[in-house]
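Residue strings, one per chain:
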Amino acid sequence: MSMARKALIAVCQLSSTDDKDHNLRECRELVRQGAARGARMVFLPEAFDHISSSTEVMLRLAESLEGELVGSYRQLARESGVWLSLGGFHEQGPDWDRERRIYNTHLLLNDSGEIAGLYRKTHLFDVDIQGQVSLKESSSTIPGPRIEPPVTTPIGKIGLAICYDLRFPEISLALASAGAEILTFPSAFTLTTGMAHWEPLLRSRAIESQCYVVAAAQTGRHSDRRWSFGHSMVVDPWGCVLAQCGQGPGLCCAEIDLDYLRQVRRQMPLAQHRRHDLYGTVCIRHPPGSAP
């Protein structure tokens, strides 16, 4: 696979609801816009497939990797000639008929529509901020078993993560130490947490890992119970915001420049300066019984 030293990406922002057909139409239009602008890869946010008003509806709409939803996006990647980051869909978990629990799954599709990478969200959002936010993702979601190695793509080596993973620098450092050049955090940040923490977290992960950070986001009202912050963003390895959406659906584009990434790492070689003798090494580890 040829890897461009510079490549354009498109980062999408959605207001998903429980109308899967409508969400697919919106995503299809944004992907085609990104391809028309010359993007090599288009990034979609967490829950691009749907955001439901209840757990019961969410479980009813969940699909398997072999389902119609993934098939539609595989066809879209082929037709558009771009790679797709599908930032988190509701995947039916194992023993579905009995357990009725999902994985929050991030897929990478290549421009032939093949699955090139897959990551299941490891950190689940169980948070109760009195009077503002109360969500318990673990009530219906299975935590992913492992961090996945970076995936080689035409724009660089991509480390996969999802939303709440952003708050744990260890996953970013582990992916960077495994060779990641671009970190992805497709998200559906709440208004409360987004206003307080979204941009500082994204810029921090970029600075400490010396990676590009790409964060496609949900925005606006999904139901009477759910709103998202928006502000999809691309940050460079120096921590500068290269592109950002505001509120409302849309997309923004930015250039990934791997030569600039090398320059940042050469001029400030953080990887060489780390004192592993003092605080250990952060790396990708596979738990017992979890095949790599």
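Above this note sits the structure.
All values reported here derive from a predicted model rather than from experimental measurement.

What counts, and where the lines are drawn
- Residues numbered from 1 in each chain as written.
- Predicted model: local features only at pLDDT ≥ 70, side-chain atom pairs only at ≥ 80, totals over all residues.
- Heavy atoms only, no water.
- Helix = DSSP H or I, 4+ residues; strand = E, 2+ residues; numbered from the N terminus.
- Buried < 20%, exposed > 50% of the residue type's maximum accessible area, 1.4 Å probe, protein only.
- Contact = heavy atoms within 4.5 Å.
- Core = buried A, V, L, I, M, F, W, Y, C linked by side-chain atoms within 4.5 Å.
- Patch = residues over 30% accessible without salt bridge, like charges linked within 9 Å, V, L, I, M, F, W, Y side chains within 5 Å.
- Areas by Shrake-Rupley, 256 points an atom, 1.4 Å probe, with all protein chains shown as cover.
- Salt bridge = Lys/Arg side-chain N within 4 Å of Asp/Glu carboxyl O.
- Pairing = 2+ DSSP bridges.
- Right-handed = clockwise from strand over helix to strand, strands pointing away.
- Disulfide = S-S within 2.5 Å.

Draft legend 1. Broad picture of the environment of Met 1. Tracing the chain through its elements places Met 1 in the segment before strand 1 (6-14). The exposed category is assigned to Met 1, whose relative accessible area is 64%. When the C-alpha atoms of Met 1 and Pro 154 are compared, they prove to be 6.9 Å apart, with 153 residues separating the residues in sequence. Apart from residues no more than four positions distant in its own chain, Met 1 is found in contact with Trp 83, Thr 152, Thr 153 and Pro 154.

Draft legend 2. Seen up close, unusual backbone geometry. At Ala 47, a residue that is not glycine, the phi angle is positive and equals roughly 60°. Along the polypeptide, Ala 47 turns up in the loop between strand 2 (41-44) and helix 2 (55-61). The exposure class assigned to Ala 47 is buried, which follows from its relative accessible area of 7%. Its identity is not glycine, yet Arg 100 carries a phi of approximately 55°, on the positive side. Residue placement: Arg 100 occurs in the loop between helix 4 (96-99) and strand 4 (102-109).

Draft legend 3. Region of the structure containing the nonpolar core. In this structure, Phe 43, Trp 198 and Leu 202 are the most contacted members of the largest nonpolar core, which totals 49 residues. Contacts of Trp 198, omitting those with residues within four sequence positions, involve Leu 166, Phe 185, Ser 187, Phe 189, Thr 193, Ala 215, Ala 217, Phe 229, Gly 230, His 231 and Met 233. In this structure, Val 70, Tyr 73, Leu 76 and Val 82 belong to the second largest nonpolar core, which totals 24 residues.

Draft legend 4. Molecular detail of a nonpolar patch on the surface. Residues Leu 191, Met 195 and Trp 227 make up a contiguous nonpolar surface patch of about 330 Å² in total accessible area. With respect to the helices and strands, Leu 191 occurs in helix 6 (residues 191-209).

Draft legend 5. Region of interest: the pairing of strand 2. Residues Met 41 and Phe 43 point to one face of strand 2 and Val 42 and Leu 44 to the other, with burial holding for every one of them. Here strand 1 pairs with strand 2 via three bridges, running parallel. From the neighbouring strand, Ala 10 faces strand 2, where its bridge partner is Val 42. Tracing the backbone out of strand 1, into helix 1 (residues 20-36) and back to the parallel element strand 2 gives a crossover that is right-handed.

Draft legend 6. Local environment of the state of the cysteines. With the rule as written, the count across this model stands at zero disulfides. With no disulfide of its own, Cys 27 lies closest to Cys 12 among cysteine sulfurs, the gap being 7.1 Å.

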